[in-house]
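Inside the fold
The primary structure of each chain is shown beneath.
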Amino acid sequence: MAVLLPLLAQHHVPQGERLVEGVGMGDLFALWRGRVDANSRRAVDVYTQELPDFRKIASSTRARAAILDFAVFLRKRTVSLVTENKPFTAEDLAFIEVVGRERARRGLSLASQRHVLQLHTSLTLKEVHEAANPRDLEDVMHTLAWLPPLGLAAQTAYTSGFLSGQEAVLPVVERVQQLADMLLADDPIADDMAASLAMEMPESWVVTVARIPAEHPERSEVLQDLLRRQWTPVRWTEPGEFVALTPGNSQDIIQDFWDFTELPCAVGAAQGRTGELAEALTAARQVSQAAPIRSAPSSVYYLTDLFAEVGAARVPPVDRWLGELASRLAAGPDLVATLDAFYRNNMARTQTAAVLNIHPRTLEYRLRRVHDLTGLDPVSVRGVRFLSTTVHRVLAAREETA
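Residues numbered from 1 in each chain as written. Predicted model: local features only at pLDDT ≥ 70, side-chain atom pairs only at ≥ 80, totals over all residues. Heavy atoms only, no water.

Concerning the layout of surface pockets
Gaps left between atoms show up when a probe the size of a water molecule is rolled over them. Roughly 450 Å³ of volume is contained in the largest pocket. Residue lining of the largest pocket: 26 residues in total, with L74, H120, T121, T124 and G151 positioned closest to the centre. Every element with two or more residues in the lining of the largest pocket is listed here: α5 (61-84), α6 (90-105), α7 (110-131) and α8 (137-166). Among the elements that make up the lining of the largest pocket, the one with the highest residue count is α8 (eight residues). Partitioning the lining of the largest pocket into residue classes produces 17 nonpolar, six polar and three charged. (1 Å grid on protein atoms, 1.4 Å probe; cavity = no way out; pocket = protein on both sides within 12 Å on 5 of 7 lines; lining within 4 Å. Points joined across faces, edges and corners; volume = space filled by probe spheres on them. Helix = DSSP H or I, 4+ residues; strand = E, 2+ residues; numbered from the N terminus. Nonpolar A, V, L, I, M, F, W, Y, C, P; charged D, E, K, R; others polar.)

As structure tokens, then:
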């Protein structure tokens, strides 16, 4: 914060700058400017009351004074530029960028930074409303038209500085996870974050969710190893869920993920365009919840692979009926594993028996047993449809598979 004090002293509103009075420029602007100091103090109070991060960086008298001085500067410049129909100067924006950078270095989190920008926008509109009277309609309309471009320019500069400042205090893994969060939330500043990480931003992504049955104790180390192999947005969204965004097929990064964790996982994916990835995440997560948990990731499933399983999970009566089929298959012996291998090997009996390490006659016995227990022929169209869906339902709920 010490860096900001001399900068604030140097970056003052130019002498002789005054309000332009005339048509449409009346009492609103004079009152608004006259309340700059009071409004600035209120803004700092709001920031420190609502945001613990901000309260921390404003803990000393000197730091709070610098924050207050910046609030005054920003409001004075805004009033002057609105009245004169002018944008922020390059000098203004460079200074705002320095403030953003310094606040990141002081420990302000990205979430708090975004909240501060939202609060500033709300407070600015409130300040205009408080200064206006019924005769100021034209001035108010002029202000509301001019504030958006001014606010966007200031926020862009502040955010650019903030992201640059994070480089000095936040590990790369954390910044990559922030980028993944932004993309998955369709946050417009994802482009800026990607640029700060020198990461490409394709028009579309494959969003892949790997669901694991247990938390990995070294999540940060896993992400570091992954990023050494593939420079792409990744994150742990919760202890039992890993998410990767890739420009194309995600099989390689999922294989790398398994190499580093060696945990069984169920993998679902969906494709989406940049700016529309929140929906893709929801779809990928639904597919992963319906996908079978495998001891090694042999497949990345899409909705087209598991549409029956995803659909059944949304219809409770159908899901209960599949549960009843699963209960019958549990009578065994090893009928779920047998059907799983049978369908994964395209119902080739010899190949399935070899994979299961059993005699072909044993396989035939098990298939007849399935028919007897469920009333469904495993090789009929109806049997394949219902039994394969049931098998995936069982395997999706297991913590480990053979």
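Some details on the pattern of salt bridges
Scanning the entire structure with this criterion turns up 20 salt bridges. Residue D340 is joined to R294 by a salt bridge in which the shortest nitrogen-to-oxygen separation is 2.6 Å. Here the residue D340 occupies a position in helix α16 (residues 335-344), and R294 occupies one in the loop between α13 (277-290) and α14 (303-313), the gap between them amounting to 46 residues. Within this structure, R229, D256 and D259 form a network of salt bridges that share partners. (Salt bridge = Lys/Arg side-chain N within 4 Å of Asp/Glu carboxyl O.)

Overview of the pairing of strand β2 (residues 234-238)
It is a general feature of regular strands that their side chains alternate between the two faces of the sheet. Relative to strand β3 (residues 241-246), β2 runs antiparallel, the two sharing four bridges. Residue pairing for β3: E238 is matched across the bridge by E241. Remark: two residues form the turn of the hairpin made by β2 and β3, two consecutive strands paired antiparallel. (Pairing = 2+ DSSP bridges.)

Here we look at the confidence of the model for the protein
Detailed conclusions should not be drawn from predicted coordinates in areas where pLDDT is low. Chain-level statistics for the protein give a pLDDT mean of 88 and a share of 92% at 70 or above. Segment residues 1-25: pLDDT under 50, and 49 contacts once partners within four positions in sequence are set aside and those in other chains are kept. (pLDDT = per-residue confidence, 0-100. Contact = heavy atoms within 4.5 Å.)

Brief notes about the packing of α6 against α8
At their nearest, the axes of α6 and α8 sit 6 Å apart, and the two run at 40 degrees to each other. Between α6 and α8, the interaxial angle falls into the category oblique. In this structure, the crossing between α6 and α8 has a hand that is right-handed. Facing α6, whose interface residues are L93, I96, E97, V99, G100, R101, R103, A104 and R105, α8 presents A153, A154, A157, Y158, S160, G161, F162, S164, G165 and Q166. Residue classes in the contact of α6 with α8 are distributed as nine nonpolar, six polar and four charged. (Axes fitted to C-alpha atoms, helices over the stretch in contact; angles between N-to-C directions. Parallel < 35°, antiparallel > 145°, perpendicular 65-115°, else oblique. Left-handed = near helix turned anticlockwise from the far one by under 90°.)

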